[in-house]
Amino acid sequence: MAMLSSVVRSGLSTLVNNSARGVSHVTVIGGGLMGSGIAQVAAQTGHKVTLVDLDEKVLTSSTSRISKSLSRVAKKKFGDDTEGAKSFLDTTMGAISTSTSAVSTVQETDLVIEAIVENMGVKHKLFSELDSAAPDNVIFASNTSSLPIEEIASVTNRKDRFGGLHFFNPVPMMKLLEIVKTPQLSDSTLDQLKAFGKAMGKTSVVCSDTAGFIVNRLLVPNLAEAIRMKERGVASTEDIDIAMRLGAGHPMGPLQLADYVGLDTCLFILQGWNEKYPEVELFKPPATLEKLVSEGKLGAKSGEGFYKY
């Protein structure tokens, strides 16, 4: 009986330690702009990081991008102190490893952050595989900007340890982190995600698992309404943007901002919301937006959208 009590106490102690130890090792899945940005900031703030992508060329490009970004940070932070800058760069890059196998990396990690394509089927396949491979204490998170966290988590057996961590691009510059709380997310996991956000140097806000969370739920319909205003002939592209810059104090007008977000990204988000909530008029994609995307005019990244670049 004493031996049994000892085993139980040991098991409880392990669970408590796993919950209390916080996040020290982060696995980021997806080597694109968002994934590499998250990996960079995590490494900068003292975390051990594994960056995962199926394509070795993407990982090579990602590490090169991170190194260049860190060099700019070091120059700003250390100025003429070349030794300090080199030490910072070497230490941070030394904290980042890469892998082409997500499953093999999750045995020793504390937190998995997914930053892959916005496709529910692809996310389900990934998390289903990871759920079988990862120890029970590992927290899962998605960086999705538009898909429901609860639906992504539905294929796992750790719904109490599955939340949303929505970073903003470019991650090293943008201070906000939206932490998305599903009804199943435990309070202890939420506390760990908050602590991780603070350790990353981010200002975290917590919101429920609703379409677009906070920022995109307010922003994307606003961009769409600006497009509809242009369609109705209320004002020109330039005058709509000038009005919101000078009248509302926005640093950038809504149509210019749509160009920088990416018109294809705006359309993708609206199409997903419209499919799920067809009764919400604000979620209906404007015809002009559909036309521009069909013509390959995606905004700043393609050289033309509402403006030419």
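Residues numbered from 1 in each chain as written. Predicted model: local features only at pLDDT ≥ 70, side-chain atom pairs only at ≥ 80, totals over all residues. Heavy atoms only, no water.

Visitor: Got a sec to walk through the packing of aromatic side chains? Specific residues and values, please.
Guide: Counted by the stated rule, this structure contains seven aromatic pairs. Centroid distance Tyr260 to Tyr309: 5.7 Å. Interplanar angle 80°. Geometry classified as edge-to-face. Taken as a pair, Tyr260 in helix α11 (residues 254–261) and Tyr309 in the segment after α13 (287–294) lie far apart in primary sequence, 49 residues in all. For Tyr309, a relative accessible area of 40% gives the class partly exposed. Ring geometry for Tyr277 versus Phe283: centroids 6.1 Å apart, planes at 65°, classification edge-to-face. Given the relative accessible area of 28%, Tyr277 is considered partly exposed. Aromatic ring contacts, followed pair by pair, group Phe127, Phe140 and Phe162 into a single cluster. In this structure, Arg158 packs its charged tip against the face of Phe140, placed 4.4 Å from the ring centre. (Phe/Tyr/Trp six-rings, centres within 6.5 Å; stacked < 30°, edge-to-face > 60°. Helix = DSSP H or I, 4+ residues; strand = E, 2+ residues; numbered from the N terminus. Buried < 20%, exposed > 50% of the residue type's maximum accessible area, 1.4 Å probe, protein only. Lys NZ or Arg CZ within 6 Å of the ring centre and 35° of its normal.)

Visitor: Mind laying out the sheet that holds strand β3 (residues 96–99), listing which residues take part and the relevant values?
Guide: Pairing is mixed in the open sheet, where eight strands are placed in the order β3-β2-β1-β4-β5-β6-β7-β8. Strands at the two margins of the open sheet, each flanked by one partner only, are β3 and β8 (203–208). Between one strand axis and the next, the sheet turns by 25° as a mean value, whatever way the strands run. Pairing of strand β2 (residues 48–52) with β3, which is carried by four bridges, proceeds in the parallel orientation. Its bridge partner being in β3, Thr50 is matched across the sheet by Ser97. Of the strands in this sheet, β1 (25–29), β2, β3, β4 (111–114) and β6 (162–167) are in contact with helix α2 (residues 33–44), which crosses β2 at around 165°. (Pairing = 2+ DSSP bridges. Axes fitted to C-alpha atoms, helices over the stretch in contact; angles between N-to-C directions. Contact = heavy atoms within 4.5 Å.)

Visitor: Tell me about the nonpolar core, residues and numbers included.
Guide: Within the largest apolar cluster, 32 residues are counted, with the highest numbers of intra-cluster contacts made by Leu111, Ile113, Leu165, Phe167 and Phe196. Of all the elements, α2 adds the most residues to this core, at six residues. Setting aside its immediate chain neighbours within four residues, Phe167 contacts Met34, Ile38, Ile113, Asn143, Leu176, Leu177, Phe196, Met200 and Lys202. Among the nonpolar cores identified, the runner-up in size contains 21 residues, and Ala133, Ala134, Ile152 and Phe162 belong to it. (Core = buried A, V, L, I, M, F, W, Y, C linked by side-chain atoms within 4.5 Å.)

Visitor: Give me the packing of α2 against helix α3 (residues 56–78): which residues, what numbers.
Guide: Orientation of α2 relative to α3, taken along the N-to-C sense of each, is 50°, at an axis distance of 10 Å. In terms of orientation, α2 and α3 fall into the oblique class. As for how α2 packs across α3, the hand of that crossing is right-handed. Contacts from Leu33, Ser36, Ala39, Gln40 and Gln44 in α2 reach Ser62, Arg65, Ile66, Ser69, Leu70 and Val73 in α3. Of the residues assigned to the contact of α2 with α3, the class counts are five nonpolar, five polar and one charged. (Parallel < 35°, antiparallel > 145°, perpendicular 65-115°, else oblique. Left-handed = near helix turned anticlockwise from the far one by under 90°. Nonpolar A, V, L, I, M, F, W, Y, C, P; charged D, E, K, R; others polar.)

Visitor: Summarise the environment of Ser101; cite the residues concerned and give the values.
Guide: Following the sequence through the fold, Ser101 ends up in the loop between β3 and α5 (102–105). Residue Ser101 is classed as partly exposed on the basis of its relative accessible area, which comes to 28%. In terms of polar contacts, Ser101 uses its side chain to reach the side chain of Ser104, at 3.1 Å. (Polar contact = N/O pair within 3.5 Å; in protein donor to acceptor, adjacent residues only side chain to side chain.)

Visitor: Could you give an account of α2, naming the residues involved and the relevant values?
Guide: With 12 residues, α2 extends 16 Å between its outermost C-alpha atoms, agreeing within 8% with the 16 Å of an ideal straight helix rising 1.5 Å per residue. Here α2 lies mainly inside the structure; 10 of its 12 residues are buried. Three or more residues of α2 are buried, namely Met34, Gly35, Ser36, Gly37, Ile38, Ala39, Gln40, Val41, Ala42 and Ala43. Following α2 by one or two positions, Gly46 has its phi on the positive side, about 90°. (Expected span 1.5 Å × (residues − 1).)

Visitor: Tell me about the pairing of β2, and please be specific about residues and values.
Guide: For a regular strand, the rule is simple: side chains alternate between the two faces of the sheet. Within β2, four of the five residues are buried, which leaves the element mostly enclosed by the surrounding structure. Note that β1 and β2 share five bridges and pair parallel. Across the sheet, the residue bridging to His25 is Lys48, located in β2. Following the chain from β1 across α2 to the adjacent parallel β2, one finds a crossover that is right-handed. (Right-handed = clockwise from strand over helix to strand, strands pointing away.)

Visitor: I'd like to hear about the side chain of Thr156, residue by residue, with values.
Guide: Topologically, Thr156 is positioned in the loop between α7 (149–153) and β6. Overall, Thr156 belongs to the buried group, its relative accessible area being 1%. If we ignore the near neighbours within four places in the chain, the residues touching Thr156 are Phe127, Asp131, Phe140 and Phe162.

Visitor: Any details on the packing of α11 against helix α12 (residues 263–276)? Residues and values, ideally.
Guide: Where α11 contacts α12, the axes come no closer than 5 Å and their chain directions differ by 95°. Relative to α12, α11 is oriented roughly perpendicular. Judged by residue contacts, Ala258, Asp259 and Val261 of α11 engage Leu263, Thr265 and Cys266 from α12. The class makeup of the residues in the contact of α11 with α12 is four nonpolar, one polar and one charged.

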